[in-house]
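Report on the structure
Each chain is listed here by its residues.
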Amino acid sequence: MVSIGKVKREFPPPAHFIMEIESYSQLFAKFDDRYQSGVFEAGGYKWRLIFYPNGDKKKNASGHISLYLAIDDANNHRDNNWSIYVNFKFFVQDQNENKYLPIEEAKGVVREFNRMKKEWGCDRLLSLEAFMEPSNGYLVNDCCAFGVEVFVIKSTGCGETLSMVSVEPAESTHTWEIPNFRNLAYAGSQYSESFTVKERKWKIKICPMGDGSEMGRSLALYLILDKEESPQPNRKVYAKFKLRVLDHRRINHSEKQCDQCIMNFSFRISFFFFTFFKEFVRCIT
């Protein structure tokens, strides 16, 4: 069952083609078959509207208006097996309010036009009774208008594949010994030499006096990708790692583990932050 949309569109009118009909009663009386509009272009192809003022009798649509979108034979197709996928929408003008109402039949459905199927549309677009009812505004002063918007679905070849690959974790430990740590207290952030794990180069970054909101209250430690790494923008890697500060007396190592950490290459830094009391910092120096 075809229905008329309740949302009326005042501006803009149908984007691709409007068929205005004057002296509809004469057309109704003389055309017992169909009227074929002129050619218009949309989505890189040529199209026509096929209009049955008395309904498409082959589809048993007498007492209705039938309207179809047809791809024109003037299009140059590369082979006989061509297919064009289209989402289209018909409109009828409400002249009482000067707005266009969408025809809701097959809303959002993509149709395939090909050598064997060159027309798609509505057998019973409107009943003649509803069409000629003055209060609806479809036929005013023996004039009416229908429109269509045609959106051709073309593949751009753009996309991506997301996959999670289970790999054995790299059992690798890197130790960064920092002599004269006390002298770094006001030296700002420091970086270790690069080291390789799973074919990627990494570094450790340390902020002796903390970072951000914890400045002056804690020790901050980061794992970062070496600047020599040049992955594609916005790509990500999954990393599971553990950061540890060793207690030279072998009494109380302090460590934090980062599980399921996604490292974004566009920022290149994923960090794990942990706090030590100043007494502990003095202890390891």
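Residues numbered from 1 in each chain as written. Predicted model: local features only at pLDDT ≥ 70, side-chain atom pairs only at ≥ 80, totals over all residues. Heavy atoms only, no water.

What to know about the nonpolar core
Note the cut-off: Buried Ala, Val, Leu, Ile, Met, Phe, Trp, Tyr and Cys residues form a nonpolar core when they are joined through side-chain atoms within 4.5 Å. The rule is simple: take the accessible area with a 1.4 Å probe, protein chains only, and divide by the maximum for that residue type; under 20% is buried, over 50% is exposed, in between is partly exposed. The contact criterion used is simple: two residues touch if any of their non-hydrogen atoms lie within 4.5 Å.
By size, the foremost hydrophobic cluster in this structure holds 35 residues, and its most contacted members are Y24, W47, F90 and F146. When sequence neighbours within four positions are dropped, the list of residues in contact with F146 reads F17, I18, M19, F51, I65, L67, F91, V92, L125, L126 and F131. Judged by nonpolar contacts, the second largest core, of 14 residues, contains W202, I204, I206 and F241.

Some points on the pattern of salt bridges
We apply this condition: Each salt bridge in this description consists of a side-chain nitrogen of Lys or Arg and a carboxyl oxygen of Asp or Glu lying within 4 Å of one another. The numbering of helices and of strands both runs from the N terminus, where a helix is a DSSP run of H or I of at least 4 residues and a strand a run of E of at least 2.
Applying the stated criterion across every chain, the model contains 5 salt bridges. Among the ionic pairs, K46 bridges to E41, the shortest N-O distance being 3.6 Å. A relative accessible area of 29% places K46 in the partly exposed class. We classify E41 as exposed; its relative accessible area is 55%. Measuring nitrogen to oxygen at the nearest pair gives 3.0 Å for the salt bridge that ties K118 to D73. Taken together, the positions of K118 in the loop between β8 (111–114) and β9 (119–127) and D73 in the loop between β5 (64–71) and β6 (83–94) put the pair 45 residues apart, joining distant regions of the chain.

Quick look at the confidence of the model for the protein chain
Heads up, the condition is: Confidence of the predictor at the level of single residues is given by pLDDT, which spans 0 to 100.
Across the protein chain, the average pLDDT comes to 78, with 74% of residues at or above 70. Note on residues 264–285: pLDDT under 50 across the span, and 60 contacts to partners over four residues away in sequence or across chains.

Some points on the side chain of D56
What counts here: Positive charge is attributed to Lys and Arg, negative charge to Asp and Glu, and no charge count is given to His or to the chain ends. Identification of polar contacts relies on pairs of N or O atoms within 3.5 Å, with a donor-acceptor requirement for protein atoms, meaning one able to donate a hydrogen and the other able to accept it, and with residues adjacent in sequence counted only if both atoms are side-chain atoms.
Mapped onto the elements, D56 comes out in the loop between β4 (45–52) and β5. For the buried D56, no salt bridge exists, and the shortest N-O distance to an oppositely charged side chain is 4.3 Å, to K59. There is a polar contact of 3.0 Å between the side chain of D56 and the side chain of Y68. Apart from the residues lying within four places of it in its own chain, the contact partners of D56 are A61, S66 and Y68.

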